[in-house]
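Survey of secondary and tertiary structure
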Amino acid sequence: MSTKVADHILQRLREWGVDQVFGYPGDGINGLLAAWGRAEDQPRFVQARHEEMAAFQAVGYAKFSGRLGVCVATSGPGAIHLLNGLYDAKLDHVPVLAIVGQTHRTAMGGSYQQEVDLHSLFKDVASEFVETVTVPEQLPNVLDRAIRTAYARRCPTAIIVPGDVQELDYSPPTHAFKMVPSSLGTEEYTAMPSQESVERAAEVLNSGDKVAILVGQGAAGAREEVETLAEMLGAGVAKALLGKDVLSDELPYVTGSIGLLGTRPSYELMRDCDTLLTIGSSFPYSQFLPEFGKARGVQIDIDPHMVGMRYPYEVNLVGDAKETLRLLIPKIRAEERGREWYETVCDNVTRWRDVMDRRANVSADPINPEYVARALDPLLPADAIVTSDSGSVANWYARHLTFKPGMRGSLSGTLATMGCGVPYAIGAKFAHPDRPVIALVGDGAMQMNGLAEMITAAKYADRWEDPRLVVAVWNNRDLNQVTWELRAMGGSPSFLPSQELPDVRYAEFARSLGLTGIRVEKPEDVEAGWRSALAANGPVVLEFLTDPSVPPIPPHASWDQMESTAEAILKGDPESAHVMKQGIKAKIQEFLPGQDK
C-alpha cells in the first residue's frame, strides 16, 4: 500500500521524537485519523473532551517535559477552539505545534461547510510560523520548519493540511528547481553575551549594597548558579509566578512570589533595594519593581526581543541564563557586603511565614481557603508536580506552597486564563507518568471545563505508572477573584448575577465516573482529606467547602485600602456584612501585624 501524506506526517513526528498528540477527531482530519489506525496509534492520540483542552494539555506537556507539545484539530470549529490554549503557549513562551485540517482544495473559496480562513485565524497566535500544505512535496520542509521554529522561538506554530491533501500519495521533494528539501534535527546551541557587556554588568552588581534578584522560568536551568550569585551578593531572590519552581523556598533569602499575588517580603525587597538583577523573566507589572531611578539594573534573557522592557536596566545581557551566570560569577567580588540587608531580607521572610501561618488558621465559615493550601504544604510529595488555575486559588498556590528542590509547578502566567489547571495536570501526567500531580482549581474553573476533563483523566488513568492525580476544588459558589477585585478596586459589592455559581457536587461527579471523590466540609477534616487523596490508587476529586469572605489581600495593601473594602462590603453587600461585623479589623491585624494605621 502506498504511503499517504497523512502517514508521512505521523512518521515525521515520530522521527522528531513526538510520542503523543493531544486532540479531538473530526472529518477535517479523517485522513490523519485513518493514518493513526495504520500506525497502530504511534504517536499516541490522546483524546481530550474539547480542542481547547487538547491545546492546554499540549502546553502542560511542553511546560513539564521541556519537549514539543503537539495538538491536532479538525477544520473550522475545531481549529477555532485551539486558539485559547495556543495563546497561552505564546504568552508563556512554550513550544507547541498545532496541526489542523482544512476544507478540500477543490471547495476552497466556495463558502463550503466549515471553511474558515485559517491563515488569518492563526496569523497572530502562530505569528512565527503558519503554513498550508498544498502538495505532498511541500510537507517535509513545512513540518520541519514548524517544529524547529517552535523550539527555537519557544512559541506555538501551526500547519494546515486540507482534507484531500492528507489522502494523496506521498512523494518527497526532488533535487530540482523550486523544490525545498529538508532534514531532521536541531543541534543544541547556547547564546552568550559579549565579554564587555558581562564586565559592565559585574560593575553594576558589585557597586550595590542592597541587591535584589528576580527570577522567572528562563532561570530554571541555572539553579546552582543563581544560588551561588545570590549568596555572593548577599541578595534576596523573588520569583515570578512562572519561576516558582526555579529555587527552593527553603532558602532563607528566597522571598517567594512577586506581584499582586505575591508576598510581603518580595514587595519589601523591591521597594528597598538599590540594585536589581532580573534573570529569565518578563514580569510585566512595573509597579512591583523598584521605583525608576532608585535602583541600578541588569537583565539576563535569552531572547533579544524581551530585554530592556519593564525597567530602565543599564545592562541587558542576551544569553542563556546558566552560561551567562557562569561568565558573570567570576567577576563578582564575594566580599562581606550588605550583611544588614541580607539579615533584613531573611527576617522579613521569617515574619511573613508566621503571618501566613496565622492567616491560614483564622476561623472561617466553613473552611478558610488559605488553610486548605497550608495543610497541603507539608504533605507535598518530594517529586510532586503542581498546577494551579487562575482565580483566587492562584493566591494560595503562590503564597502557601513551599517548593523544595525537584518539585515542579506552573499556571497560566501571562494570559492568566481560567480552565487550564486540570488539562495542564493531564498533560503533566503524560510528560511524567511516574510522578504525582496535583491540580489546584476554583469551582468556577472546574465548572468551566474541569468536570469534563475528569472524563479524560478516567479514560487514561491506567496508562500512568504513578496513579496519583489529585484535583482539589475550592468550592465557595463564587467567582472569588473578580468579586474581591470589584470590592477592593472599585469599592463595589459583589454583583451576584455575574459572581454567584450554581452549587455542584464535585466529589459525587467524580464517583459517577468510577473515580475517588472526597468532600470536606469542616476544618478538622482538611488534613485527612489531603492524606486520603494522596494515598488513592487513581485520580481523585477532592472538594473543600471554603469561605468566599476571606480576602486575597495584596502584599502592598494599606490599612486605608483594607478598611475601605470592608466599608464597601458593609454598605452594599448584606450577604457578607455579618462576617465583617464580627471583626474584620481584628482579622486584618492577625493577617498583617505590626503595620501602622
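Here the structure is a predicted model, which is why all the values come from computation and not from measurement.

Turning to the overall build of the chain, a few remarks are in order. Within the chain one finds 24 helices and 18 strands. Compactness check: the chain gives a C-alpha radius of gyration of 25 Å against a globular reference of 25 Å for 597 residues, within 12% of the reference. When each of the 597 residues of the chain is scored for burial, the buried share is 57%. For the chain, restricting intrachain contacts to residue pairs at least 6 apart in sequence, the fraction spanning at least 24 positions comes to 75%. About 23,600 Å² of surface is accessible on the chain, with carbon and sulfur atoms providing 50% of the total. When the 57 basic and 78 acidic side-chain charges of the chain are each reduced to a single mean position, those positions are 1 Å apart.

End to end, helix H3 (residues 51–65) covers 21 Å across 15 residues, agreeing with the expected 21 Å (1.5 Å per residue, within 8%). Of all 15 residues that make up H3, 14 are buried, and the element is covered over most of its length. Looking at the residues trailing H3, positive phi occurs at Gly66, about 75°.

Moving on: the packing of helix H13 (residues 339–360) against helix H14 (residues 369–376). Taken N-terminus to C-terminus, the directions of H13 and H14 make an angle of 120°; their axes are 8 Å apart at the nearest point. One element, H13, and the other, H14, form an angle in the oblique class. On the side of H13, the interface is formed by Arg353, Met356, Asp357, Arg359 and Ala360, while H14 contributes Glu370, Tyr371 and Arg374. Class assignment for the residues of the contact of H13 with H14 results in three nonpolar, no polar and five charged.

Tallying each qualifying case throughout the model produces 13 aromatic pairs. Ring centres of Phe430 and Tyr460 lie 5.5 Å apart, and the angle between their planes is 75°; this geometry places the pair in the edge-to-face category. Linking Phe430 in helix H16 (residues 421–431) with Tyr460 in helix H17 (residues 443–460), this pair joins segments that are 30 residues apart in sequence. Relative accessible area serves as the criterion here: at 5%, Phe430 is assigned to the buried category. Chaining the aromatic ring pairs together yields one cluster made of Phe22, Tyr61, Phe430, Tyr460 and Trp464.

Our focus in this paragraph is the packing of helix H1 (residues 5–15) against helix H7 (residues 139–153). At a closest axis distance of 11 Å, the pairing of H1 and H7 adopts a crossing angle of 35°. In the packing of H1 onto H7, the handedness of the crossing is right-handed. Residues Val5, His8, Ile9, Arg12 and Leu13 of H1 form the contact with H7, whose participating residues are Leu139, Pro140, Leu143, Asp144 and Ile147. Partitioning the contact of H1 with H7 into residue classes produces seven nonpolar, one polar and two charged.

The strands making up a sheet associate through hydrogen bonds between their backbones, and the pairing can be parallel or antiparallel. Spatial strand order, S2-S1-S3-S4-S6-S5: six strands in an open sheet with parallel pairing. With partners counted over all chains shown, the strands left at the sheet margins are strand S2 (44–47) and strand S5 (130–132), one partner each. Going across the sheet, the axis of each strand differs from the next one's by a mean of 25°, ignoring polarity. Across four bridges, strand S1 (residues 20–23) lies against S2 in parallel orientation. Counterpart to Val21 in the pairing with S2 is Phe45. The sheet contacts of helix H2 (residues 30–38) involve S1, S2, strand S3 (69–73) and strand S4 (96–102), and relative to S2 the element is tilted by about 125°. Against the sheet, H3 contacts S1, S2, S3 and S4, and its axis sits at roughly 170° relative to S3.

Moving on, we get to unusual backbone geometry. At the junction of Gln42 and Pro43, the peptide bond is cis and its omega measures out at -5° in the coordinates. Inspection of the secondary structure assignment puts Pro43 in the loop between H2 and S2. A cis amide bond links Asp365 to the next residue, Pro366, at an omega of 0°. Here Pro366 shows up in the loop between H13 and H14. Residues other than glycine seldom take positive phi values, yet Arg154 does so here, at roughly 50°. When you line up the elements, Arg154 lands in the loop between H7 and strand S6 (156–162).

The next subject is the side chain of Ser412. Summarising the element assignment, Ser412 is placed in the loop between strand S14 (408–410) and H16. Under the relative-accessibility criterion, Ser412 is labelled buried at 4%. Among the polar contacts listed, one links the side chain of Ser412 to the side chain of Asp88, at a separation of 2.7 Å. A distance of 3.0 Å separates a polar side-chain atom of Ser412 from the backbone nitrogen of Ala416. Among residues more than four places away in sequence, those in contact with Ser412 are Lys63, Asp88, Asp92, Ser390, Thr417, Cys420 and Tyr424.

Pairing is parallel in the open sheet, where six strands are placed in the order S14-S13-S15-S16-S18-S17. Each having just a single partner strand, S14 and strand S17 (516–520) make up the two edges of the open sheet. Pairs of neighbouring strands in the sheet enclose a mean axial angle of 15°, with direction left out of account. In the sheet, strand S16 (residues 469–475) pairs with strand S18 (residues 540–545) via six bridges, with the strands oriented parallel. The residue bridging Asn475 from the neighbouring strand is Leu545, located in S18. Where H3 meets the sheet, its contacts fall on strand S13 (385–388) and S14, and the angle it forms with S14 comes to roughly 140°.

On to the nonpolar core. One finds Val96, Phe122 and Met446 to be the most contacted residues of the largest nonpolar core, which totals 57 residues. Per element, the largest residue contribution to this core is nine residues, and it comes from H3. Residues in contact with Val96, not counting those within four places in the same chain, are Ala58, Val59, Ala62, Leu68, Gly69, Cys71, Leu86, Ala89, Ala150, Cys155, Pro156 and Thr157. One finds Val372, Leu411, Ala472 and Ala536 within the second-largest nonpolar core, a separate group that totals 36 residues.

Time to look at the confidence of the model for the chain. Here the chain averages 91 in pLDDT, and 92% of its residues register 70 or above. The low-confidence segment residues 572–597, where pLDDT is below 50, has 50 contacts with residues more than four positions distant or belonging to other chains.

Procedures and definitions
Residues numbered from 1 in each chain as written. Predicted model: local features only at pLDDT ≥ 70, side-chain atom pairs only at ≥ 80, totals over all residues. Heavy atoms only, no water. Helix = DSSP H or I, 4+ residues; strand = E, 2+ residues; numbered from the N terminus. Rg over C-alpha atoms; globule rule 2.2 N^0.38 Å. Buried < 20%, exposed > 50% of the residue type's maximum accessible area, 1.4 Å probe, protein only. Contact = heavy atoms within 4.5 Å. Areas by Shrake-Rupley, 256 points an atom, 1.4 Å probe, with all protein chains shown as cover. Lys, Arg positive; Asp, Glu negative; His and termini not counted. Charge placed at Lys NZ, Arg CZ, Asp CG, Glu CD. Expected span 1.5 Å × (residues − 1). Axes fitted to C-alpha atoms, helices over the stretch in contact; angles between N-to-C directions. Parallel < 35°, antiparallel > 145°, perpendicular 65-115°, else oblique. Nonpolar A, V, L, I, M, F, W, Y, C, P; charged D, E, K, R; others polar. Phe/Tyr/Trp six-rings, centres within 6.5 Å; stacked < 30°, edge-to-face > 60°. Left-handed = near helix turned anticlockwise from the far one by under 90°. Pairing = 2+ DSSP bridges. Polar contact = N/O pair within 3.5 Å; in protein donor to acceptor, adjacent residues only side chain to side chain. Core = buried A, V, L, I, M, F, W, Y, C linked by side-chain atoms within 4.5 Å. pLDDT = per-residue confidence, 0-100.

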